[in-house]
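Architecture at a glance
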Amino acid sequence: MSDITSRTSNDPLTDRVSHPRYPRSNRYDARWTVENQMGPHALWLLEWLAPALGLDTLPPGSRVLDLGCGRAMTSIFLAREYDVQVTAADLWVKPDENAGRIAEAGVGDRVLPVLAEAHDLPFGENSFDAIVSVDAYQYFGTNDLYLPELTRLLKPGGRIGVVVPALREEIDGVEPPEHLKPYWEPDFWCFHSAAWWRRHWTRGGAVKVETADWLEDGWHDWLRWCEVVAEEHTDEWHVRMAGQCAEMLRLDQGRTLGFVRVVGRRV
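Residues numbered from 1 in each chain as written. Predicted model: local features only at pLDDT ≥ 70, side-chain atom pairs only at ≥ 80, totals over all residues. Heavy atoms only, no water.

The name given to the protein chain in an unreviewed UniProt entry is SAM-dependent methyltransferase, and the organism recorded there is Streptomyces swartbergensis.

What follows is the structure, encoded as structure tokens:
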């Protein structure tokens, strides 16, 4: 078992990814987080989500669905930090791959990796005390019909919480801001404002929205992480993608892009 919370004090990367806003995340090995990332720093975003979602108030052994878990970093974090039982669901990263990472992190008895598509989840009603999704929900959760179906998996009174890349304000028309046009991808149109997400979740009637807010200076966290990945990752594709994202965020300076968290309680 590797100790992923054993930080290397003489590694300059450790200082680069230490953040005063995320003390729990700071305990995790910096190179482990870089090599297992699939976008923005998922542990930072989950730690921001945690108090709004009430993770510290969940009894030990509570069942949590980590939807779109990627390489299961967030699932491992949930199990280690909050002593919950996690179902780590992802479509693109196979369960066998995540199982090895989970076992190495010492939480093989608390995290179950599964292969699942977000619209065809193999779980029964009232299965989970909480649902978490970090940097994934925007790809499948903008459909008006999705949240009511998903929340059937929550126990009555259970919470769902997501963090998504987002817009400070909704964009009028059909063109991105001029300064972002060279970087804009079609899937960026699934980014929305906190107000949009609050309305989207409220009008469906499946949850009572408790939080829908913008991470102040979140763009700077995003940029900082992209710069680290562009310099430190061992895979050429990740280096290139992170470098392009960093260029975009430097140009935008938080005018358009950042992060939103949304938390709702099943009614």
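Quick notes on the UniProt feature "domain: Methyltransferase" (unreviewed entry) in the protein chain
How we decide: UniProt positions are given in the numbering used here, feature names are shortened, and annotations may be inferred rather than shown by experiment. Every helix listed is a DSSP run of H or I at least four residues long, and every strand listed is a run of E at least two residues long, numbered separately from the N terminus.
Under the local residue numbering, the UniProt record ascribes the feature "domain: Methyltransferase" (unreviewed entry) to residues 64–158. Annotation note: span residues 64–158, helix share 26%, strand share 28%, distance between end C-alpha atoms 10 Å.

Re the pairing of strand β4 (residues 128–134)
What counts here: Burial status follows relative accessibility: with a 1.4 Å probe on protein chains alone, a residue under 20% of its type maximum counts as buried, one over 50% as exposed, and anything between as partly exposed. DSSP bridges decide pairing: two strands pair if at least two such bridges lie between them.
The element β4 is largely enclosed, with a buried count of six among its seven residues. As defined by bridge partners, strand β1 (residues 63–67) adjoins β4 across three bridges and the pair is classed as parallel. Residue pairing for β4: Val 64 is matched across the bridge by Ala 130. Where β4 meets strand β5 (residues 154–167), six bridges bridge the pair, whose relative direction is parallel. In the strand pairing of β5, Ser 133 is matched with Val 162.

A short note on a nonpolar patch on the surface
Our working definition: Patch criteria: residues need more than 30% relative accessible area and no salt bridge. Like-charged residues are merged within 9 Å; nonpolar side chains of Val, Leu, Ile, Met, Phe, Trp and Tyr are merged within 5 Å. Per-residue and other accessible areas were derived by the Shrake-Rupley procedure at a 1.4 Å probe size, with only the shown protein chains allowed to occlude residues. Here, a salt bridge means any side-chain nitrogen of Lys or Arg that lies within 4 Å of a carboxyl oxygen of Asp or Glu.
On the surface, a cluster of nonpolar side chains totalling about 360 Å² of accessible area is made up of Leu 91, Trp 92 and Leu 115. Residue position: Trp 92 is located in the loop between β2 (85–90) and α5 (95–104). Judged by relative accessible area, Trp 92 falls into the exposed class, the value being 71%.

Structural notes on the pairing of strand β7 (residues 257–266)
Among the 10 residues of β7, eight are classified as buried, and the element is accordingly described as predominantly covered. Here β5 runs beside β7; their pairing, made up of nine bridges, is antiparallel. By the bridge assignment, Ala 166 is partnered in β7 with Gly 258. By the bridge criterion, seven bridges tie strand β6 (residues 207–214) to β7 in an arrangement that is antiparallel. Its bridge partner lying in β7, Asp 213 is registered against Arg 261.

Focus: the state of the cysteines
This is how it is decided: Disulfides are defined as pairs of cysteine sulfur atoms found within 2.5 Å of each other.
In total, this model carries zero disulfides according to the counting rule given. For Cys 69, which is in no disulfide, the shortest distance to another cysteine sulfur is to Cys 190 and amounts to 18 Å. With relative accessibility at 7%, the residue Cys 69 sits in the buried group. Not engaged in a disulfide, the cysteine Cys 190 finds its nearest cysteine sulfur in Cys 245; these two sulfurs lie 14 Å apart. Look at Cys 190 and you get buried, because its relative accessible area is 12%.

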